[in-house]
Amino acid sequence: MSRARLRREPTRRFLIVLVTIAAAWATIEAPPATTAQQRVPVYFLQGEQLARVDRPGATPVDAVRQLIAGPTRAEVARGFRTYVPAGTQVLGVEVADGTATVDLNERFASGGDAASLLARLSQLVRTLTGLQGTERVQLLMNGALVAARFPGISTSSPITFRMLQTPNVPVPEPDAARLPAPDAGVKKLQQRLIALGYLLGGDDDGRFGPATQNAILAFQKWERLGRTGLLDARTKARLATGVRPIPRSMGGPGKRAEILLDRQVALLINSNRVVRTIAVSSGKPSTPTPPGSYRVYAKIARWWSVPFREWLPWALPFVGGIAFHEFQVVPTFAASHGCVRQSTTLARSTYNFATVGMPVKVIARS
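Just so you know, these numbers come straight off a predicted model, no measurement behind them.

Caption draft 1: Quick look at the overall build of the chain. For the chain, the helix and strand inventory stands at ten helices and 16 strands. Over its C-alpha atoms the chain spans a radius of gyration of 29 Å, topping by over 25% the 21 Å that the globule rule assigns to 366 residues. Dimensions along the principal axes, computed over C-alpha positions, put the chain at roughly 110 × 70 × 30 Å. Per-residue burial over the chain gives 47% buried out of 366 residues.

Caption draft 2: View of the layout of surface pockets. What the largest pocket holds in volume is close to 360 Å³. Together, 20 residues line the largest pocket, and Pro-210, Asn-214, Gln-328, Ser-343 and Thr-344 are the ones closest to its centre. Ranked by residue count, the leading element in the lining of the largest pocket is helix α8 (residues 210–223), at five residues.

Caption draft 3: Seen up close, the environment of Pro-71. Inspection of the secondary structure puts Pro-71 in the loop between α3 (60–69) and α4 (73–77). Since its relative accessible area comes to 19%, Pro-71 is described here as buried. Distance in space between the C-alpha atoms of Pro-71 and Gly-112 is 23 Å, their sequence separation being 41 residues. If we skip the residues at most four places from it in the chain, Pro-71 touches Phe-44, Arg-55, Val-76, Phe-80, Arg-81 and Thr-82.

Caption draft 4: Examining the side chain of Ser-336 more closely. Following the sequence through the fold, Ser-336 ends up in the loop between β14 (322–326) and β15 (340–342). Within the structure, Ser-336 has its side chain in polar contact with the backbone nitrogen of Gly-283 (distance 3.2 Å). Among the polar contacts listed, one links the side chain of Ser-336 to the backbone nitrogen of Gly-338, at a separation of 3.0 Å.

Caption draft 5: Representation of the sheet that holds β15 within the structure. Strand order in this open sheet of four strands is β12-β13-β14-β15, and the pairing throughout is mixed. Here the strands that pair on one side only, and so sit at the sheet edges, are β12 (300–305) and β15. Strand after strand, the sheet turns through a mean of 40 degrees between neighbouring axes, direction not considered. Two strands pair when backbone bridges link them, and strand β13 (residues 310–319) and β14 are joined in this way by three bridges, in the antiparallel orientation. The residue of β14 that forms the bridge with Leu-316 is Phe-324.

Caption draft 6: Geometry of the pairing of strand β4 (residues 90–96). Pairing of β4 with strand β5 (residues 99–104) involves six bridges; the strand directions are antiparallel. Bridging across to β5, Glu-94 finds its partner in Thr-101. In textbook terms, the turn of a hairpin is the stretch between consecutive antiparallel strands, and for β4 and β5 this stretch comprises two residues, one of which, Asp-97, has a positive phi near 55 degrees.

Caption draft 7: Main features of the nonpolar core. Ranked by internal contacts, the top residues of the largest apolar core, which has 42 residues, are Val-102, Leu-124 and Phe-150. Counting only elements with at least two residues in this core, the list comes to β1 (39–46), β2 (49–56), α3, β4, β5, α5 (114–128), β6 (136–141) and α6 (161–165). Sort the elements by how many residues they give to this core and α5 lands first, with seven residues. By size, the runner-up hydrophobic cluster in this structure holds 24 residues, among which are Ile-259, Val-280, Phe-324 and Met-358.

Caption draft 8: Structural context of the packing of α8 against helix α9 (residues 233–241). For the pair α8 and α9, interaxial distance at closest approach is 11 Å and the crossing angle is 80 degrees. The angle between α8 and α9 falls in the class roughly perpendicular. Here α8 contributes Ile-216, Phe-219, Gln-220 and Glu-223 to the contact with α9, which in turn contributes Thr-235, Arg-238 and Leu-239. Here the contact of α8 with α9 is built from residues that sort into three nonpolar, two polar and two charged.

Caption draft 9: Here's a closer look at the sheet that holds β2. If you trace the three strands from one edge of the open sheet to the other, you get β2-β1-β3, paired in antiparallel fashion. The strands lining the two open edges of the sheet, one partner per strand, are β2 and β3 (80–81). Two strands pair when backbone bridges link them, and β1 and β3 are joined in this way by two bridges, in the antiparallel orientation. Within β3, the position partnered with Leu-45 by the bridge is Arg-81.

Caption draft 10: Geometry of α3. Taken together, the buried positions of α3 are Pro-60, Ala-63, Val-64, Gln-66 and Leu-67. The arc that holds every buried residue of α3, seen down its axis, measures 160 degrees, which confines them to one face. On its buried side, α3 packs onto β1, β2, β4, β5 and α5.

Caption draft 11: Structural view of unusual backbone geometry. At Gln-264, a residue that is not glycine, the phi angle is positive and equals roughly 60 degrees. Within the secondary structure, Gln-264 is located in the loop between β8 (255–260) and β9 (265–270). Residues other than glycine seldom take positive phi values, yet Ser-271 does so here, at roughly 50 degrees. Here Ser-271 shows up in the loop between β9 and β10 (273–279). For Ser-271, a relative accessible area of 43% gives the class partly exposed.

Caption draft 12: Region of the structure containing the confidence of the model for the chain. Taken over all residues, the pLDDT of the chain has a mean of 90, while the share at 70 or more is 90%. A low-confidence stretch, residues 1–35 (pLDDT under 50), is modelled with two contacts involving residues beyond four sequence positions or located in other chains.

How each quantity is defined
For every chain, the first residue of the written sequence is number 1, and numbering continues from 1 along that sequence. A pLDDT threshold of at least 70 governs which residues receive local features in this predicted model, and a stricter bar of 80 or more applies before side-chain atom pairs are shown or counted, although totals over entire chains, interfaces and linings include all residues. For the side-chain quantities, the full set of heavy atoms in the structure was used; hydrogens and water were omitted. Secondary structure elements are defined from DSSP: runs of H or I of at least 4 residues count as helices, runs of E of at least 2 residues count as strands, and each element is numbered from the N terminus. Just to be clear, the radius of gyration here is over C-alpha atoms, and the globule rule we use is 2.2 Å times residues to the power 0.38. Each residue gets one of three labels from its accessible area relative to the maximum for its type: buried under 20%, exposed over 50%, partly exposed in between, using a 1.4 Å probe on protein chains only. In this analysis a 1.4 Å probe is tested at points of a 1 Å grid over the protein atoms alone, and where it fits but cannot get out there is a cavity; an open set with protein on both sides within 12 Å along at least five of seven lines is a pocket; lining residues have an atom within 4 Å of a point. Grid points are joined across faces, edges and corners, and a volume is the space filled by probe spheres set on the points. Whether two residues are in contact is decided by their heavy atoms: any pair within 4.5 Å suffices. N or O atoms closer than or at 3.5 Å make up a polar contact, with two conditions inside protein: a donor-capable atom paired with an acceptor-capable one, and, for residues adjacent in sequence, both atoms drawn from side chains. Strand pairing is assigned whenever DSSP detects at least two bridges linking the two strands. In this description, a line fitted to the C-alpha atoms serves as the axis of each element, helices being fitted only across the stretch in contact, and the angle between N-to-C directions of two axes falls anywhere from 0 to 180 degrees. For this analysis, a nonpolar core means a set of buried residues of the types Ala, Val, Leu, Ile, Met, Phe, Trp, Tyr and Cys, connected via side-chain atoms within 4.5 Å. Any angle that is under 35 degrees is reported as roughly parallel, and any over 145 degrees as roughly antiparallel; angles of 65 to 115 degrees are reported as roughly perpendicular and all others as oblique. Each residue receives one of three labels: charged for Asp, Glu, Lys and Arg, nonpolar for Ala, Val, Leu, Ile, Met, Phe, Trp, Tyr, Cys and Pro, and polar for the others, Gly being one of them. Of all possible arcs, the one meant is that of the directions from the helix axis to the C-beta atoms. Confidence scores here are pLDDT values: one per residue, from the predictor, ranging 0 to 100.

The structure is reproduced here in structure tokens:
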């Protein structure tokens, strides 16, 4: 054997030993990949619907604890909310034969707001459904059955998420408006509102009804006048000099929408020209509509809100459960759970204007 080969042999053996030791340490120190990656689904709300996030954990009790912990700051900025009250404690969770029995303290059912009670129950049931084969959820509080805490839902026996998904009320029908006889002055007003982009061509029938009132309200909001929906002296004077609204941002050709939170209006835009300005009611301070750039991802003529158990006709969701939709009550101010409410006279027209993939920009200050 040559001297050079003799010199290389110890070095080669030493390297083999080092590699072997390193591999052994890696085997000892590295935790199993599955343990580090175990996560459980937890359901909060975005707008009017449940929205999933994943949290570290492996068991149903882990999932409930993560639910009680609530969304992170980053998730809150994206519009995630929880209705589970602070101070709720999990006393135990057991799963047997497809039923998860979850025991919480009394804080879980505190308060008298019907929407909040329904939302927190939906969050709990959806979070547990599917974990370790859970098909039903039995709620206990301090170890005892709960009878009538949640409006329209009995928790004295196990409930399923499918039950919450099943509508229990009919789709609301708009009230039939009794319009006055045609009037030349009203027709002239409507023609002016058409020219400014608050009514559509053909809306000038001379009858003062909800559509005309909503158009006046949208004009008042845009011009930062008193939000009365009535043709008062200031509104009439401003109409004479008003101009069609212009988009707050520039975009490419095609349809898009801007939601102006400070004015509580939405601009429907086609190739950078405002086609129509509409009055809306966005998310109230506790559940605000998150500013940002989004896209309509579906068109749903009849959308059922699982957590709030109500219909949302002509829905155009653009981020999670946050959507344009029709609603029976549309105040002049921000009042929703995060969605963009429109009156029954506007929602279907907006639905017909929109396309799946249409950009939607939510602007805090316009």
